[in-house]
Amino acid sequence: MSLEAWYMDSSDEDQRKPHRLDPNQPVSLDRLKELGVFHWKLNADIYETDPELEQIRKEQGYSYMDIITIHKDKLPNYEDKLKMFFEEHLHLDDEIRYILDGRAYFDVRDKEDRWIRIAMRKGDLITLPAGIYHRFTLDETNYTKAMRLFVGEPVWKAYNRPADDFDIRQKYVASLQGS
């Protein structure tokens, strides 16, 4: 199954629900690429020895990696962390996540500031560009195990919206002008 994305409704209902518009308005991989969001589908069962993952890491310079399990029994301060992940924010570096098990959502803003929900499943690797407003949440299964990848040492700092004055945000917005 390929990556699925759609425009979100504006409901305040549980963030873990799909939040599709009615009728659904899907978003293509090409549309996500225009926003700087890239996706690979890999075999998560062999992530430790996967030559395709190794090639991506080498080509992109992803030298650091760790694994996080997001579940109430595995992650300290689970509820607080979920709330923090769901705050709209940006990073100064790309965000790279590879779902090894479970499911989750990344929400990103399009050029018109509308939310797009990206459904992540086992085997999905995604990169979000530095400067894009986004947020993260689990789906209703309340579980995911993800690899976090970085170029160099990890930087965990998130800048909550508004962060429009940051150079990286202005550079990102300028990159959208041609798409």
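A short tour of the structure in this document, coming up.

Rules and cut-offs
Residues numbered from 1 in each chain as written. Predicted model: local features only at pLDDT ≥ 70, side-chain atom pairs only at ≥ 80, totals over all residues. Heavy atoms only, no water. Buried < 20%, exposed > 50% of the residue type's maximum accessible area, 1.4 Å probe, protein only. Helix = DSSP H or I, 4+ residues; strand = E, 2+ residues; numbered from the N terminus. Arc of directions from axis to C-beta. 1 Å grid on protein atoms, 1.4 Å probe; cavity = no way out; pocket = protein on both sides within 12 Å on 5 of 7 lines; lining within 4 Å. Points joined across faces, edges and corners; volume = space filled by probe spheres on them. Nonpolar A, V, L, I, M, F, W, Y, C, P; charged D, E, K, R; others polar. Salt bridge = Lys/Arg side-chain N within 4 Å of Asp/Glu carboxyl O. Phe/Tyr/Trp six-rings, centres within 6.5 Å; stacked < 30°, edge-to-face > 60°. Lys NZ or Arg CZ within 6 Å of the ring centre and 35° of its normal.

**Notes on helix H3 (residues 78-86)**
Inference 1: Residues of H3 that are buried: Tyr78, Leu82, Phe85 and Phe86. Down the axis of H3, the sector holding all buried residues measures 95°, keeping them to one side. Projecting away from the buried face of H3 at angles above 90 degrees are the exposed residues Asp80 and Lys83.

**Re the layout of surface pockets**
Inference 1: When its volume is computed, the largest pocket comes out at roughly 520 Å³.
Inference 2: Forming the walls of the largest pocket are 25 residues, and the residues nearest its centre are Phe85, His91, Glu95, Arg97 and Trp156.
Inference 3: At the level of elements, strand S3 (64-70), H3, strand S5 (95-109), strand S8 (134-138) and strand S9 (144-150) are the ones that each hand at least two residues to the lining of the largest pocket.
Inference 4: The element that contributes the greatest number of residues to the lining of the largest pocket is S5, accounting for 4 residues.
Inference 5: When its residues are assigned to classes, the lining of the largest pocket shows 13 nonpolar, 4 polar and 8 charged.

**Topic: the pattern of salt bridges**
Inference 1: The final tally for this structure, using the stated rule, is 19 salt bridges.
Inference 2: In this structure, glutamate 112 engages arginine 114 in a salt bridge whose closest nitrogen and oxygen atoms are separated by 3.3 Å.
Inference 3: Across the salt bridge formed by aspartate 164 and arginine 169, the nearest N and O atoms sit 3.6 Å from each other.
Inference 4: Taking relative accessible area as the criterion, aspartate 164 reaches 37% and is therefore assigned partly exposed.
Inference 5: For arginine 169, a relative accessible area of 11% corresponds to the buried category.
Inference 6: Three or more residues are tied together by salt bridges with common partners; here these are Glu88, Arg109, Asp113 and Arg161.

**Quick notes on the packing of aromatic side chains**
Inference 1: A complete count under the given rule lists 6 aromatic pairs for this structure.
Inference 2: Where tyrosine 159 meets phenylalanine 166, the ring centres are 4.6 Å apart and the plane angle is 50°; that geometry is what we call tilted.
Inference 3: Classification of tyrosine 159 by relative accessible area gives partly exposed; the value is 21%.
Inference 4: Three or more aromatic residues joined by ring pairs make a cluster, and in this case those are Tyr64, Phe150 and Trp156.
Inference 5: Above the plane of the ring of tryptophan 6 lies arginine 20, whose end atom (NZ or CZ) is 3.7 Å from the centre.
Inference 6: The ring of tyrosine 105 carries arginine 117 above its face, with NZ or CZ at 4.2 Å from the centroid.

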